[in-house]
Amino acid sequence: MDVSPEHFSLEVVADVVVMVPLSGRYHQRLFSYRVPDHLRETITVGQLVWVPLRQQQVRGVIIALQHRTADGLRDLIDLVDPMVSIPEVTIRLARWVAEYYDAPLATVLDLCLPPGTTRQIEMTWRATAAGLMCELGALPDRERSILFYLRRHGEQSEAALRAVLRGSNDQLRTAYRALAERGLIVRGTRIDPPRVQPRREQVVRMAVRDLEQALTELHRAPRQAMALRWLAERVADEPPTLSEFRRSTGIDGAGIRALARRGFIDLSEREVYRDPLATVTFSPDAAPPLTMAQRQAYETMVTALETGTGGRFLLHGITGSGKTEVYLRLIARALRLGRQALMLAPEIALTTQLVRRLAARFGHQLAVFHSGLSDGERYDEWRRLRRGEARIAIGARSALFAPLPDLGLIIVDEEHDPGYKNDAVPRYHARDVALHLAELARVTVVLGSATPSVETFYAARNGSIQLLELPERITAQIGIDGLVHSRPLPLPPIRIVDMRRELQQGNTSIFSSTLSHALAQTLARGQQAILFLNRRGAASFVVCRDCGYIARCERCSAPLTVHYHTESEAEAGAPVSVLLCHACGQRTAAPVICPQCLSRRIRALGIGTQRVAEAVREFFPSARVARWDRDSTTGKHSHDALLEAMVRHDIDVLVGTQMIAKGLDLPLVGLVGVVLADTGLYLPDFRSGERAFQLLTQVAGRAGRRSEGAQVIIQTYQPEHYALQAVRDHDYRSFFREEMAFRRALAYPPFGRLVRFVTTAAHEETCQHRAEQLAVALQKCITDRDLVGWRLIGPAPAFFRRQRERWRWHLLLRVPPATTTQELRAILDAVGPLSGWVIDIDPVNVL
């Protein structure tokens, strides 16, 4: 359309999400800016830019570009980093996440950016020409101090001035304004350098064609001649780094400068890739033949992948049935089709083993994303994916937001795991976001699990997701033809031990006679054993047997847990007890006498992984025992080290929490013992039975993955619980029927949706009052709008009633399953703004 220049001209206008907190419902607001002429040819959607906002310069992400009039719009300032650009499909995903989970769009977009791009703009002040010449004695004391300091030290940030000058922030700002009004100082800004940048190193290249002539010219500089000859001998190899050149030849800096000045060598820079797989050892892997069930599942999914029709699949395979091999085949096919693949795992521990298998099959086409990496490693992996150099991304939930412009396949392994739910804003569930990403990008998505979540299996039964099953455990063996063949392997038998009977028979040990005997047999056969207890520490709590005092955290309502540590001043091997709060991390010494009644009959009761490991060492002194829990895996490569030790058989007995229950393939494990299955079985959470079933089934699946004869022993005080019965019988469907009857009766998911509201306050009365006020407002909305099927549960104190000196109350809003995001948003808008409240859409726990 032709537009007359007399009326107006079209400009390029960028719609930008500013990366600063905005109050209330403004957190979804967009700001429009005119794109200046010098950026018009290079600007794209998804780039990170500097924009003016009020009196500041702030970062923002462009989420739309349009041609329209720009009357009254301010100019966009510049690009923050030309190499940083979020793919358009990822921006659409971020907008959906922000809308669905009621989160600020800027917070979601921050997940889409590489680490280290956060840069602060500081306000600065400097003396003007008039300020440099004025008489200081005529100024008030505070203004005189500021101007004197600026004259001596040059331009300074407000933070730097605050550190050296007296006065409050308000007093100093008043003085700045007074000096500025007199024209003695002027305000400016300073942008901090990026926290993470590409790592670069200097390299040395040969620059002469006639080596003999160059050596003749260097006859008076023998060390330089020797260095040049050394470089010439390596001319076919990668150019050496400057440090390697100096180290190998002994030449100093002056000699290097002389060679460069005479044109004999070139000094240049190259980028150094920070490789998170540099310490991982793996051998190239060949794909084994698929079983009939694996092939049927693979062919069904690969058809959808090849035709580009998308497709949602649930791969329900029992533990050890070969789900990972099917994933690898699908990824290989996606790569051959020129597409990228994304694989999610719920835990770093599980990511470690999957990374090994993927790297063995696909080498350095792999990019890794998880919180255990350094910022530099994650920055480099982000850029490799964005440039298309890496074709596979694997990581925990945040890998969903990695830049994958050619995405063709998404795999969510262990889709049932609650670790996929983010516990901070935005409170997204990675499985559900993956399903939506697949819909936006029109790609194939595979959810895999031996124990699918009730909601996912219900969707598969209803046809929303296509169900594919691997019902048989398999192992590989070499046939008489010398080739690898798969053969079926029975699931290990599971025995449930009633610990009430053990007590009646006088056994007060933490190990039943059945488990003790099985552990002795396993060690005698040279096999490995796993002992599972989902509780860290040495004992659950400390109690006085005279007055009933329980040691509790001063900041939380939780009992303090006993932990052992070995102090350097303690006797070698003697455990020293400390009390630790698992909610806030507070540490204190274990009391020797009761602080309430001064009795000496104060004892630690209950058990944790430390106590279990100690008991194994007592009963089996020659056994090599290790722990795998959060306390023992604080180092960057600690998960790798433990996995390597298990594979090398440097560990006989591994004691651990839920970290060892998630998909690990440990071929030498002949026994899994669950020390206490009742942990979490009766928590006030509608998912407690499901979690217990999933966790116990998964940990039982670590036994017998290569040969027959393995066994699983579960100790419990509640042997009749339906979840434990289903675990014993390896019967997911019987558990599903029981759980669905319970959920249907109470309209819990999948027969309803939940929204959880949590408030905290320093005083419990304030907390209770807020919760009750919100409940009244929500109930009024439900009644006034005649919302059928909407119901409030609560308000009530949260199960963890006090944490970090803050009291906690919560309430649940239960709504019909077909309730839309817009309907929920209308209610939230009607009762909001809800500042200070945690709003959790589709919570995975209600504790």
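Cut-offs applied
- Residues numbered from 1 in each chain as written.
- Predicted model: local features only at pLDDT ≥ 70, side-chain atom pairs only at ≥ 80, totals over all residues.
- Heavy atoms only, no water.
- Helix = DSSP H or I, 4+ residues; strand = E, 2+ residues; numbered from the N terminus.
- Buried < 20%, exposed > 50% of the residue type's maximum accessible area, 1.4 Å probe, protein only.
- Contact = heavy atoms within 4.5 Å.
- Areas by Shrake-Rupley, 256 points an atom, 1.4 Å probe, with all protein chains shown as cover.
- Lys, Arg positive; Asp, Glu negative; His and termini not counted.
- Charge placed at Lys NZ, Arg CZ, Asp CG, Glu CD.
- Pairing = 2+ DSSP bridges.
- Axes fitted to C-alpha atoms, helices over the stretch in contact; angles between N-to-C directions.
- Phe/Tyr/Trp six-rings, centres within 6.5 Å; stacked < 30°, edge-to-face > 60°.
- Expected span 1.5 Å × (residues − 1).
- pLDDT = per-residue confidence, 0-100.
- Polar contact = N/O pair within 3.5 Å; in protein donor to acceptor, adjacent residues only side chain to side chain.
- Patch = residues over 30% accessible without salt bridge, like charges linked within 9 Å, V, L, I, M, F, W, Y side chains within 5 Å.
- Salt bridge = Lys/Arg side-chain N within 4 Å of Asp/Glu carboxyl O.
- Disulfide = S-S within 2.5 Å.
- Parallel < 35°, antiparallel > 145°, perpendicular 65-115°, else oblique.
- Left-handed = near helix turned anticlockwise from the far one by under 90°.
- Nonpolar A, V, L, I, M, F, W, Y, C, P; charged D, E, K, R; others polar.
- Core = buried A, V, L, I, M, F, W, Y, C linked by side-chain atoms within 4.5 Å.

A. Spotlight on the overall build of the chain. For the chain, the count of helices and strands is 25 helices and 34 strands. Counting over 847 residues, the chain shows a buried share of 52%. For the chain, the proportion of contacts with a sequence separation of at least 24, taken over those separated by at least 6, is 75%. Just so you have it, the chain exposes about 39300 Å², and 49% of that area is on carbon and sulfur atoms. Averaged over its 107 positive side-chain charges, the chain has a centre that lies 3 Å from the centre of its 93 negative ones.

B. Structural detail: the environment of isoleucine 251. Here isoleucine 251 shows up in the loop between α9 (242-249) and α10 (253-261). Distance from isoleucine 251 to glutamine 224, taken between C-alpha atoms, is 6.9 Å for residues 27 residues apart in sequence. Discounting residues that sit within four places of it in the chain, isoleucine 251 has contacts with Arg223, Gln224, Ala227, Phe245, Arg246, Ile256 and Leu259.

C. Representation of the sheet that holds strand β28 (residues 653-656). Overall, parallel pairing links the six strands, which are arranged β20-β30-β29-β21-β28-β27 in an open sheet. At either end of the open sheet lies a strand with only one pairing partner, and these are β20 (494-498) and β27 (625-628). For this sheet, the mean inter-axis angle between neighbouring strands, taken without regard to orientation, is 20 degrees. Looking at chain direction, strand β21 (residues 528-532) and β28 are connected through four bridges and run parallel.

D. The arrangement of the packing of aromatic side chains in detail. Summed over the entire model, instances satisfying the criterion amount to 19 aromatic pairs. Centroid distance tryptophan 96 to tyrosine 100: 4.9 Å. Interplanar angle 20 degrees. Geometry classified as stacked. In this pair, tryptophan 96 and tyrosine 100 are both assigned in helix α1 (residues 88-100), four residues apart and thus about one turn of the helix distant. When its relative accessible area of 22% is taken as the criterion, tryptophan 96 is described as partly exposed. When the centroid spacing of 5.3 Å and the interplanar angle of 65 degrees are considered together, the rings of tyrosine 458 and phenylalanine 751 count as edge-to-face. Note that tyrosine 458 is positioned in helix α16 (residues 454-461) and phenylalanine 751 in the loop between α23 (732-746) and β31 (753-761), a separation of 293 residues in sequence. Tyrosine 458 sits in the partly exposed class, given a relative accessible area of 24%. Among the aromatic residues, those joined into a cluster by ring pairs are Phe457, Phe693, Tyr722, Tyr732, Phe735 and Phe736.

E. Structural context of helix α11 (residues 292-307). Here α11 contains 16 residues, and its C-alpha end-to-end distance of 23 Å stays within 8% of the 22 Å for a straight helix at 1.5 Å per residue. Looking one or two residues past α11, glycine 308 carries a phi angle of roughly 70 degrees, positive in sign.

F. Quick look at the confidence of the model for the chain. In the predicted model, the chain carries a mean pLDDT of 87, and 94% of its residues have values of at least 70. Low pLDDT (under 50) marks residues 1-8, which in the prediction has two contacts with non-local residues, meaning those over four places away or in another chain. Segment residues 566-574: pLDDT under 50, and five contacts once partners within four positions in sequence are set aside and those in other chains are kept.

G. Spatial organisation of the sheet that holds strand β17 (residues 466-470). As summarised here, the arrangement of the seven strands in space is β13-β14-β12-β15-β16-β11-β17, forming an open sheet in which the pairing is parallel. Of all the strands in the sheet, the pair left with one neighbour each is β13 (366-369) and β17. Put simply, the sheet's adjacent strands are angled 20 degrees from each other on average, direction ignored. With five bridges joining them, strand β15 (residues 407-413) and strand β16 (residues 444-449) adopt parallel strand pairing. Paired with aspartate 413 across the bridge in β16 is glycine 448.

H. Molecular detail of the side chain of threonine 716. Mapped onto the fold, threonine 716 is located in strand β30 (residues 711-716). A relative accessible area of 0% places threonine 716 in the buried class. Looking at threonine 716, its side chain comes within polar contact range of the side chain of aspartate 678, at 2.4 Å. Residues within four places of threonine 716 in sequence aside, it is in contact with Ile496, Val497, Asp498, Met499, Ala677, Asp678 and Leu724.

I. Structural detail: a nonpolar patch on the surface. On the surface, Val592, Ile593 and Leu598 cluster together into a nonpolar patch covering about 290 Å² of accessible area. Secondary-structure assignment places isoleucine 593 in the loop between β25 (587-589) and β26 (602-605).

J. Inspection of the state of the cysteines at higher detail. Across all of its chains, the model carries zero disulfides by this definition. No disulfide involves cysteine 594; its sulfur sits 3.6 Å from the nearest other cysteine sulfur, which is in cysteine 547. Overall, cysteine 594 belongs to the buried group, its relative accessible area being 0%.

K. Representation of the packing of α1 against helix α15 (residues 430-441). α15 packs onto α1 with a crossing angle of 135 degrees between their chain directions and a minimal axis gap of 10 Å. The angle between α1 and α15 places the two elements in the oblique class. Crossing geometry of α1 relative to α15 is assigned as right-handed. Contacts between α1 and α15 pair Val89, Arg92, Leu93, Trp96 and Val97 from the former with Asp432, Val433, His436, Leu437, Leu440 and Ala441 from the latter.

L. Summary view of the packing of α9 against α10. Relative to each other, α9 and α10 sit at 115 degrees, their axes nearing to 11 Å. Classified by the angle their axes make, α9 and α10 are roughly perpendicular. Classified by chirality, the crossing of α10 by α9 is right-handed. On α10, the residues that touch Leu242, Phe245 and Arg246 of α9 are Gly253, Ile256 and Leu259. Within the contact of α9 with α10, the residues separate by chemical class into four nonpolar, one polar and one charged.

M. Expanded view of the nonpolar core. The biggest cluster of nonpolar side chains holds 122 residues, and the ones touching the most others in it are Leu109, Leu342, Leu400, Ile410, Phe757 and Leu813. Those residues in contact with phenylalanine 757 that sit more than four places away from it in its chain are Leu774, Leu778, Trp809, His810, Leu811, Leu813, Leu828, Leu834, Trp837, Val838 and Ile839. Judged by nonpolar contacts, the second largest core, of 37 residues, contains Leu330, Leu335, Ala359 and Leu409.

N. How the structure looks around the pattern of salt bridges. Considering all chains together, one arrives at 52 salt bridges under this definition. Here arginine 270 and glutamate 238 are joined by a salt bridge, their closest N and O atoms 3.4 Å apart. Of this pair, arginine 270 sits in strand β10 (residues 265-272) while glutamate 238 sits in the loop between α8 (222-233) and α9, placing them 32 residues apart in sequence. The exposure class assigned to glutamate 238 is exposed, which follows from its relative accessible area of 60%.

O. The arrangement of the environment of arginine 705 in detail. Positionally, arginine 705 belongs in the loop between α21 (688-700) and β30. In sequence terms arginine 705 and valine 669 are 36 residues apart; their C-alpha atoms lie 7.7 Å from each other. With residues near it in sequence (within four places) discarded, arginine 705 still touches Thr319, Gly320, Arg473, Ile474, Thr475, Leu489, Leu664, Asp665 and Leu666. Looking at arginine 705, its side chain comes within polar contact range of the main-chain oxygen of glycine 701, at 2.9 Å.

P. Up close: the pairing of strand β3 (residues 48-53). The buried count for β3 comes to six of six residues, which makes it a mostly enclosed element. What you see with β3 is no split at all: Leu48, Trp50 and Pro52 on one side and Val49, Val51 and Leu53 on the other are buried throughout. Direction of pairing for β3 relative to strand β4 (residues 56-68): antiparallel, over a ladder of six bridges. Along β4, the bridge assignment pairs valine 49 with glycine 60.

Q. Up close: the environment of asparagine 534. Structurally, asparagine 534 is set in the loop between β21 and β22 (541-544). When the C-alpha positions of asparagine 534 and threonine 609 are compared, they lie 7.8 Å apart, and in sequence the two are 75 residues distant. Not counting the four nearest positions on each side in its chain, asparagine 534 is found in contact with Thr657, Gln658, Thr679 and Leu695. At a separation of 3.2 Å, a polar atom in the side chain of asparagine 534 contacts the main-chain amide nitrogen of glutamine 658.

R. Representation of unusual backbone geometry within the structure. In this model, valine 425 is joined to proline 426 through a cis peptide bond whose omega is 0 degrees. Mapped onto the elements, proline 426 comes out in the loop between β15 and α15. With an omega dihedral of 15 degrees, the bond running from proline 749 to proline 750 counts as a cis peptide bond. Its location among the elements puts proline 750 in the loop between α23 and β31. A positive phi angle is found at histidine 649, which is not glycine, with a value near 60 degrees.

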